[in-house]
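Summary of the model geometry
Here's the letter readout for the chains.
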Amino acid sequence: MSIVQITSLKKYFDSVRAVDGVDLAIDQGEFLVILGPSGCGKTTLMRMIAGLEKPTAGHIEIGGEDVTDLPPRKRGVSMVFQSYALYPHMNVFNNIAFPLRAQRRELKFDKRAIREKVENTARVLEIDSLLDRRPRQLSGGQRQRVAIARAMVTQPSVLLLDEPLSNLDAKLRANARDELKDFQRSSNITAVFVTHDQIEAMGLGDRIVVMSEGKIQQIGTPQSIYDDPANEFVATFLGSPSMNILSAKRFRFGFRPEHFLPKTLHDNPENSRIFHYYVKRVEYLGSDRLVYGYVQGHERELTLAKVPSNVRVSLDIEGDYEFAVHNRDIKYFDNISGQRIEQQSLAQAF
Amino acid sequence: MARLSYPLDNRRLVGIMFLTPALLYILLLVGFPFLLAIAFGFSDVTVGNTDLNFVGLRNYFAVWENDIFRQVFETTIRFTLVSQIFILIFANILAIIFTQDFTGKWFARFIFILPWATPVSLAMIGWLWMLDTKYSPIDYLLLQTGFLGPNGILSNSRNLFWLATPDLSQISVIFVQVWRMTPLATVILMAGLSSIPTDILDQAEVDGSRFMRTLLQIKLPLILPIMVIALLFSMITMFGDMTVVYVLTRGGPVDYTRVLGLYSFQVGIEGGNLAQGAAISLFAFPLLLAMAIFMLRTASRAEVQ
Ligand SMILES: Nc1ncnc2c1ncn2[C@@H]1O[C@H](COP(=O)(O)OP(=O)(O)O)[C@@H](O)[C@H]1O
Ligand SMILES: [Mg+2]
């Protein structure tokens, strides 16, 4: 059952189409990740769900009710900002208690209930020893927990998180990611998580919404959008290093560097396409070798191969090799629209 | 290849160049008169005899023993404190209004800043007429609306004598000071309000906070340090000011509106006793200094991040 239903949602800032016709259904209890490059309209979309931004057109329903024209406080939504936006002059307790006090009348809480709720939420997020501290006395990771505690304390129907991990250093981030996921699972809250980081998106999302230029490019599980990209944008945006794209006469095709391997490593070369590959440079990345070179007939398009270090194939600079890609790993895209084309319809093209 | 070195590439030199005007201003127009006043305060200099003979604290004792001085000192403190309260209230209300979105905001801001942009003496001549004993337009309006004149609600007279009765003259002076200083405080508070990160205000909105709660629990506490600075500015300006009363009342009626700045001027320049005039004005210095230090420390302690 979907808790949030977004229909033809648009937001234009003068000539900038920040969000340009988004349709999206968010399921109860899921962890939905919105992934896209910086400036693609992720924050604007979140702000419209929260009620901070008035849509140019379209509708938003939350829990079956049309909330398009309702103020934030009537939506039962809470939000964690990229900056955490903790109230700097209040201690942690008062920060977490703030939404409870602000909505006291709607939620019918007395003082004791507020204290209990704050303490419970703080315990869950393991910040119960910090309740007397001011935000500036906290580490980045602790601030993030306080922000999440404050967002959770009212038991919102949807929790919106706008790049909440981007201010943490790399080590903390991986940790925080796991905790956030565990926390979401155990509390069974519906979470919408915005990020421009594909690794974060792949690791966290039950489903991922890939956005570009205000439009949804694809919605699907991490695996399905990685293995089965709907268009060239999604294909190249996900994966690191990104998918090789080569031009043919009437279409373009692509394959991922990890699927582009010396022919001798393929079990049945009959199901594969063979390429003559000229190696220009090899980078050793520990477990993998990253090979830069050119495929014969595509000398202007740099093509990468990611070859596991443990396979005993020597790859010399300026050498010519036979590489192959399994047919199922080659994706075809329309020359103009960039949309995926089914392999069968191109059978004759080869 | 040899590199040419330009004088403007030298950080120290450029730094000094940028600082020079401010330093000159402080040294010549603030520092020098200040030191001179201290020197005068410990001497027996008069307009007639400009020799500086050191007399220790004699001037200060003489001033302190003087009943008029004590009254003047008390009046100055009272005027300053009372007007600060109103300035703070009005400046906060106006700053909140002017940081909302409404049509004509730019024009309203412009009109409102005028009292502060007008030269004080010019503005005071305007008020002198507004508060005139006989021809005050305010009296005229009150007369037309039945508040004044025979059977008037406020008085049977045709005039209220804004600058001529003990109570009204003090109220008038405080009112004009509030009128004159509120814009500066407002501008400072507006800067404070618009420096609050929008994320914080958006967060408050998502948290369900309405206008009054956001104002009282988020905005005002966050601009508290800036409020202290605004208060300090207007307090110090007002404490040393003499122009307003010099033009409006000359300290009268009797001594009711005589303030420190004016009294010092009257004793030192008009009365010719430079030494005592300097001593009078210097009485304010330790008080203001202590106040400034206290307020700046409060501000920096309340400062967030
Ligand atoms: N308040 C605004 N006024 C004008 N343009 C805006 C505003 N907010 C966002 N934009 C523009 O809308 C686009 C999408 O912005 P945003 O939603 O913040 O992207 P993202 O969060 O994906 O980086 C950007 O081009 C941005 O410049
Ligand atoms: Mg953003």
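Look up: the structure comes first, before these words.
Attention in this report is confined to the structure presented alongside it.

**Considerations on the environment of Q144 of chain A**
Residue and element names in this part refer to chain A. Along the chain, the position of Q144 falls in helix α5 (residues 140–152). Separated by 83 residues in the primary sequence, Q144 and E61 have C-alpha atoms spaced 28 Å apart. The residues touching Q144, leaving out its near neighbours within four places in the chain, are Y84, P164, L165, L168 and A176.

**A short note on the site of ligand 1**
Residue and element names in this part refer to chain A. Around ligand 1 sit F13, V16, A18, P37, S38, G39, C40, G41, K42, T43 and T44, and that is every residue in its neighbourhood. Between ligand 1 and G41 there is a distance of 3.1 Å, counted from an oxygen atom to a backbone nitrogen or oxygen. Interatomic distance of 2.9 Å between a backbone N/O atom of K42 and an oxygen atom of ligand 1. Protein contact buries 59% of the 560 Å² of open area that ligand 1 shows by itself. If you list the elements that add at least two residues to the shell around ligand 1, you get β2 (16–27) and α1 (42–50). It is α1 that contributes the most residues to the shell around ligand 1, three residues altogether. Among the residues forming the shell around ligand 1, the class breakdown is five nonpolar, five polar and one charged.

**Examining empty space enclosed by the protein**
If a probe the size of a water molecule is rolled over the atoms, the empty space left behind becomes visible. Residue and element names in this part refer to chain B. If you walk through the whole model with that rule in mind, you get one cavity of 30 Å³ or more. Lining the largest cavity, in full, are T76, F79, T80, V173, Q177, M238, D241, V245 and V259. Contributions of two or more residues to the lining of the largest cavity are made by α3 (67–98) and α7 (166–194). Among the elements that make up the lining of the largest cavity, the one with the highest residue count is α3 (three residues). Partitioning the lining of the largest cavity into residue classes produces five nonpolar, three polar and one charged.

**Things to note about the sheet that holds β2 of chain A**
By definition, the strands of a sheet pair up through backbone hydrogen bonds, in either a parallel or an antiparallel sense. Residue and element names in this part refer to chain A. If you walk across this open sheet you meet the four strands as β2-β1-β4-β5, and the pairing is antiparallel. Only two strands of the sheet have a single partner each, and these edge strands are β2 and β5 (65–66). Here strand β1 (residues 2–13) runs beside β2; their pairing, made up of nine bridges, is antiparallel. Note that in β2 the partner of Q5 across the bridge is A25. Helix-sheet contacts for α1 involve β1, β2 and β4 (57–62), and the interaxial angle to β1 is about 120°.

Analysis parameters
- Residues numbered from 1 in each chain as written.
- Chains lettered and ligands numbered in written order.
- Predicted model: local features only at pLDDT ≥ 70, side-chain atom pairs only at ≥ 80, totals over all residues.
- Heavy atoms only, no water.
- Helix = DSSP H or I, 4+ residues; strand = E, 2+ residues; numbered from the N terminus.
- Contact = heavy atoms within 4.5 Å.
- Near = heavy atom within 4 Å.
- Polar contact = N/O pair within 3.5 Å; in protein donor to acceptor, adjacent residues only side chain to side chain.
- Areas by Shrake-Rupley, 256 points an atom, 1.4 Å probe, with all protein chains shown as cover.
- Nonpolar A, V, L, I, M, F, W, Y, C, P; charged D, E, K, R; others polar.
- 1 Å grid on protein atoms, 1.4 Å probe; cavity = no way out; pocket = protein on both sides within 12 Å on 5 of 7 lines; lining within 4 Å.
- Points joined across faces, edges and corners; volume = space filled by probe spheres on them.
- Pairing = 2+ DSSP bridges.
- Axes fitted to C-alpha atoms, helices over the stretch in contact; angles between N-to-C directions.

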